[in-house]
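Okay, here's what each chain looks like letter by letter:
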Amino acid sequence: MKGVHDSVNAALLDNWQRDFPIEERPFDRLADALQISAETVLELLQTHQNDGRVTRVGATCAPNTVSASTLAAIAAPEDRIEEVAAIIGAQPGVNHSYLRENDWNLWFVATGPDRAHVNETLSRIEAESGLRVLDLRLVRPFNVDLGFSMRGTSAPLGITRQVDISVFRDSDRPLLQELTKGLPLEQRPYARIADALGRTEEDLLQRIRVLVDAGIISRLGVIVRHRALGWRANAMVVWDMPHDEITHAGPLLAVQPGITLCYERVTVDGVWPYRLYSMIHARSRAEAFEVLDRVRTLPEFKSIPYQPLFSIRCFKQTGAMIDAKKKETA
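Residues numbered from 1 in each chain as written. Predicted model: local features only at pLDDT ≥ 70, side-chain atom pairs only at ≥ 80, totals over all residues. Heavy atoms only, no water.

(A) Expanded view of the packing of helix α6 (residues 172-181) against helix α8 (residues 201-213). The N-to-C vectors of α6 and α8 enclose an angle of 85°; their axes lie 11 Å apart at closest approach. On the basis of the axis angle, α6 is roughly perpendicular to α8. Facing D172, L175, L176 and L179 of α6, the residues of α8 in contact are L204, R207, I208 and L211. Classifying every residue of the contact of α6 with α8 by side-chain character gives 6 nonpolar, no polar and 2 charged. (Axes fitted to C-alpha atoms, helices over the stretch in contact; angles between N-to-C directions. Helix = DSSP H or I, 4+ residues; strand = E, 2+ residues; numbered from the N terminus. Parallel < 35°, antiparallel > 145°, perpendicular 65-115°, else oblique. Contact = heavy atoms within 4.5 Å. Nonpolar A, V, L, I, M, F, W, Y, C, P; charged D, E, K, R; others polar.)

Below, the structure written as structure tokens:
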């Protein structure tokens, strides 16, 4: 990696979080843009992956289209946090798990090829932990792009778009699972995946393009771990807002500078009244509160009850489960 500067690493991790080339030798394209060799690109990505700054170079799929998912929470006693987090993390369909500052302190995303699989995962966690699980199903996404700009508190990198599910084939499941697991870091990664699936590289590339154009693959690129890159003050802010008001306020919130995710979820009567969710990724708590304070100056949010749930620890972060026949890879 001789001659590689921080500006190259920054561009690699920031500029290629989406629109990753769908061609035989995609890392050549990155190399040309960065003015380094393809071998250096692969070496840099492998180093970032080994150091935990990058989870994978791969895909994320539009939620609840070709698979199912839900956000869930458990109120774990202080002396059982490690135990319960281990129970949650042991489930193959759980792809994100965090400890947050709240009585409902363990938050996770359960995924699977269908809703029945997700339900089974939640039931197992309840049975093994002996604790109630809040099942906070998605109602409306406003921004679930999952990209993350490291150039400061800027507008979201992508807003949720319409998905054309009509192009999906059941035979796409193994392909999507491989892409969410991550591309092999080698000169012709798609050829390796095609060989593993018994397909041709040309056919694979064509199907990936179709799935990207349809919005089923919502993002293809470098997927970073923001905490490992210094963005450690991350808050999930929940808002107690009526469904009808969210129709206007949700899209407005989604495009505010510093808001990286935004969606509406179901409530739980008598337990969890919050419908509207937003994520703030910041380098300090003060910076996160600056974003939140700006949002609260908007007329739609001035008098709305809210809670910021800062993340304390990440227990798990992997690709989603789309094909139950395939096991996840961290």
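(B) Inspection of the packing of aromatic side chains at higher detail. Per the stated rule, a full pass over the model turns up 7 aromatic pairs. Centre to centre, the rings of F20 and F27 are 5.4 Å apart; their planes meet at 65°, and the pair counts as edge-to-face. No difference in accessibility class separates F20 from F27, as the two residues are buried. An aromatic cluster of three or more residues is present, and its members are W107, W272 and Y274. When the ring centre of Y263 is taken as origin, the NZ or CZ atom of R265, which lies over that ring, is 4.5 Å away. A cation sits over an aromatic face here: R285 above F310, 4.0 Å from the ring centre. (Phe/Tyr/Trp six-rings, centres within 6.5 Å; stacked < 30°, edge-to-face > 60°. Buried < 20%, exposed > 50% of the residue type's maximum accessible area, 1.4 Å probe, protein only. Lys NZ or Arg CZ within 6 Å of the ring centre and 35° of its normal.)

(C) Representation of unusual backbone geometry in the model. Within the chain, Q35 stands out as a residue other than glycine whose phi angle is a positive 60°. Looking at the secondary structure, you find Q35 in the loop between α2 (26-34) and α3 (38-50). Residues other than glycine seldom take positive phi values, yet N64 does so here, at roughly 55°. Relative to the assigned elements, N64 resides in the loop between β1 (54-61) and β2 (68-74).

(D) Representation of the environment of G93 in the model. As for its position among the elements, G93 is in the loop between α4 (81-89) and β3 (94-100). The spacing of G93 and G319 is 226 residues in sequence and 9.3 Å in space, taken between C-alpha atoms. When near neighbours in sequence (up to four residues on either side) are disregarded, G93 contacts V109, A110, T111 and M321.

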